[in-house]
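Each chain, written out:
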Amino acid sequence: MVILDVARLNLLLPAPGGRRLHALREISFKLQRGSCLGVVGESGCGKSLLALSLLGLQPAGSQVSGSIRLHTREVLGQSEAAWQKLRGNRIAMVFQDPGSALNPVHPIGRQVAEPLRLHQGLGRAAAWAQAADLLAQVGIPRNRLADYPHQFSGGQRQRITIAMALACGPDLLIADEPTTALDVTVQQQILDLISDLVAERSMALILISHDLGVISQNADRMLVMYGGSVVESGPTEAVFATMAHPYTRGLFAARPQLVPHRRGERPRLATIAGTVPELAHLPAGCPFAGRCGFTMDACHTTPPPPVPLGALGALGAGHMARCIRLDAMPAAPEVGA
């Protein structure tokens, strides 16, 4: 069952002088119940703006067009009152910084109980009891409901935000880099917790991450974003095996590799030359053209259309890349450790 259907989503941000900056361009994807969509790309590529747009939280003065259908119901363009009924109820989000997501002046029990009272109409005692159950599910003892956010570690605060997000049993959970500020061992615990709860509740998950390893372990399908566009998308296995777009290949090459090296030598990380272009200076053609080693004149003037890669067979079903030089790309390298 398709829970979320996004079609040709565009976001224009207000800028000085009455200009509009094209922050999201023609974003399309579908998400089924029980599945996970991974979203990757450099900082500034539009990942978090996409997540906020799915919640109706895009910056004030923005113009949004396209379609966002939740269970076949169009939600784009609805009133703020209608969005408030969806947020935390049918769509919920785990933010990357739990410290700023929690209110420092309220105990955690009250914060987890609030969406239950707001969306499900529970009384104070019933909401408090259910909040205690939710926090226990994510590993927070019941005797700590009256404690404040500053009394918890970073990993515990993230568990609390997960409990808040799941309180009303949403159909869709968006996790925006939920392990960024945590150490490695806690990162895995949080990712396992999210994965287990999503599977247990049969929700859909959008997982935003810089870590390709996290995406490979958790996502069924993935989007590779650059300059506000999806430059490659498809089944995670197909994207990892093919790396059809030059930018996708650059991201994979930049991963730290566990390779043997001589004593006294340090393996150097590969880099992508240049930087992500500012929204005010995006090129007319492919947004990656200024950093790509396979460009020709048309790359700088004509936006590349989506190219289906169905020739790959079952592995590549639904695999797409936006590039007019796919014929010039060499075979994809093997993904290292």
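The structure reproduced in this document is the subject of the present report. (Residues numbered from 1 in each chain as written. Predicted model: local features only at pLDDT ≥ 70, side-chain atom pairs only at ≥ 80, totals over all residues. Heavy atoms only, no water.)

### Things to note about the overall build of the protein chain
The secondary structure content of the protein chain amounts to 10 helices and 12 strands. In terms of C-alpha radius of gyration, the protein chain reaches 21 Å, essentially the compact-globule figure of 20 Å for 337 residues. The dimensions of the protein chain, computed from C-alpha atoms along their principal axes, are 65 × 55 × 45 Å. Looking at the protein chain residue by residue over its 337 residues, the buried ones come to 47%. For the protein chain, restricting intrachain contacts to residue pairs at least 6 apart in sequence, the fraction spanning at least 24 positions comes to 66%. As displayed, the protein chain has an accessible area near 16,200 Å², and 54% of this comes from carbon and sulfur atoms. (Helix = DSSP H or I, 4+ residues; strand = E, 2+ residues; numbered from the N terminus. Rg over C-alpha atoms; globule rule 2.2 N^0.38 Å. Buried < 20%, exposed > 50% of the residue type's maximum accessible area, 1.4 Å probe, protein only. Contact = heavy atoms within 4.5 Å. Areas by Shrake-Rupley, 256 points an atom, 1.4 Å probe, with all protein chains shown as cover.)

### A look at the sheet that holds strand S4 (residues 63-70)
The pairing of strands in a sheet happens through backbone hydrogen bonds and is either parallel or antiparallel. If you walk across this open sheet you meet the four strands as S2-S1-S4-S5, and the pairing is antiparallel. Among the strands making up the open sheet, the edge pair consists of strand S2 (19-32) and strand S5 (73-74). In terms of strand pairing, strand S1 (residues 2-15) meets S2 through 10 bridges, oriented antiparallel. Paired with Leu-11 across the strands is Leu-24, a residue of S2. (Pairing = 2+ DSSP bridges.)

### As for the pairing of strand S6 (residues 91-94)
Judged by which residues are buried, S6 turns out to be covered on both faces: Ile-91 and Met-93 on one side and Ala-92 and Val-94 on the other are all buried. Pairing of S6 with strand S7 (residues 172-176) involves four bridges; the strand directions are parallel. Within S7, the residue paired with Ile-91 across the bridge is Leu-172.

### Here's the deal with the side chain of Lys-47
Residue position: Lys-47 is located in helix H1 (residues 47-54). When near neighbours in sequence (up to four residues on either side) are disregarded, Lys-47 contacts Val-39, Val-40, Gly-41, Glu-42, Glu-177, Ile-208, His-210 and Met-225.

### Comments concerning the nonpolar core
If you look at the biggest cluster of nonpolar residues, it comprises 58 residues, and the most contacted ones within it are Leu-135, Ile-162 and Leu-173. Top contributing element to this core by residue count: helix H7 (residues 184-201), with seven residues. Excluding anything up to four places from it in sequence, Leu-135 contacts Ile-108, Val-112, Ile-140, Leu-145, Ile-160 and Ala-163. Ile-3, Ala-15, Leu-24 and Leu-54 belong to the second largest nonpolar core, which has 37 residues in total. (Core = buried A, V, L, I, M, F, W, Y, C linked by side-chain atoms within 4.5 Å.)

### So, the state of the cysteines
According to the stated counting rule, one finds zero disulfides in the structure shown. Considering cysteine sulfurs only, Cys-45 is the nearest to Cys-36, which forms no disulfide, with 16 Å between them. (Disulfide = S-S within 2.5 Å.)

### Here's the deal with the pattern of salt bridges
Two side chains carrying opposite charge are able to pair once their charged atoms lie near each other. Counted under the stated rule, the structure contains eight salt bridges. Arg-69 is paired through a salt bridge with Glu-74; the nearest N and O atoms lie 3.7 Å apart. Owing to a relative accessible area of 29%, Glu-74 belongs among the partly exposed residues under this scheme. We note a salt bridge from Arg-87 to Glu-80, for which the minimum N-O separation is 2.9 Å. Residue Arg-87 is classed as buried on the basis of its relative accessible area of 16%. One salt-bridge network, in which partners are shared between bridges, spans Arg-33, Arg-90 and Asp-171. (Salt bridge = Lys/Arg side-chain N within 4 Å of Asp/Glu carboxyl O.)

### Re the sheet that holds S6
Spatially, eight strands are ordered S6-S7-S8-S3-S9-S10-S12-S11 in an open sheet, and the strand pairing comes out mixed. The sheet is open, and its two borders are formed by S6 and strand S11 (306-308), each paired with just one other strand. Averaged over all neighbouring strand pairs, the angle between strand axes comes to 20°, with direction disregarded. The strands that helix H10 (residues 246-253) touches are strand S3 (36-40), strand S9 (221-226) and strand S10 (229-235); relative to S9, the one it contacts most, it runs at about 100°. (Axes fitted to C-alpha atoms, helices over the stretch in contact; angles between N-to-C directions.)

### Focus: the packing of helix H4 (residues 108-120) against helix H5 (residues 124-137)
A pair of packed helices can be characterised by two numbers: the angle between their axes and the separation between those axes. Put simply, H4 and H5 touch, their axes get as near as 8 Å, and they point 120° apart. Taken together, H4 and H5 sit at an angle that is classed as oblique. H4 and H5 meet at a crossing whose hand is right-handed. Counting all contacts with H4, which are made through Ile-108, Gly-109, Arg-110, Val-112, Ala-113, Leu-116, Arg-117 and Gln-120, the residues of H5 involved are Arg-124, Ala-127, Trp-128, Gln-130, Ala-131, Leu-134 and Leu-135. (Parallel < 35°, antiparallel > 145°, perpendicular 65-115°, else oblique. Left-handed = near helix turned anticlockwise from the far one by under 90°.)

### Notes on the pairing of S1
Here S1 hands over to S2 after three residues, with Gly-17 in that stretch at a positive phi of 80°. With seven bridges joining them, S1 and S4 adopt antiparallel strand pairing. Opposite Leu-4, over in S4, you have Leu-70 as the bridge partner.

### So, the environment of Asn-143
The residue Asn-143 is located in the loop between H5 and helix H6 (154-166) in this model. Residue class for Asn-143 comes out exposed when judged on its relative accessible area of 68%. On a C-alpha basis, the gap between Asn-143 and Ala-132 in space is 8.7 Å, while along the polypeptide they are 11 residues apart.

### A closer look at the environment of Ala-167
Tracing the backbone shows Ala-167 in the loop between H6 and S7. When the C-alpha positions of Ala-167 and Val-112 are compared, they lie 7.0 Å apart, and in sequence the two are 55 residues distant. Not counting residues within four places of it along the chain, the set of residues in contact with Ala-167 comprises Val-112, Pro-115, Leu-116, Gln-120, Gln-130 and Leu-134.

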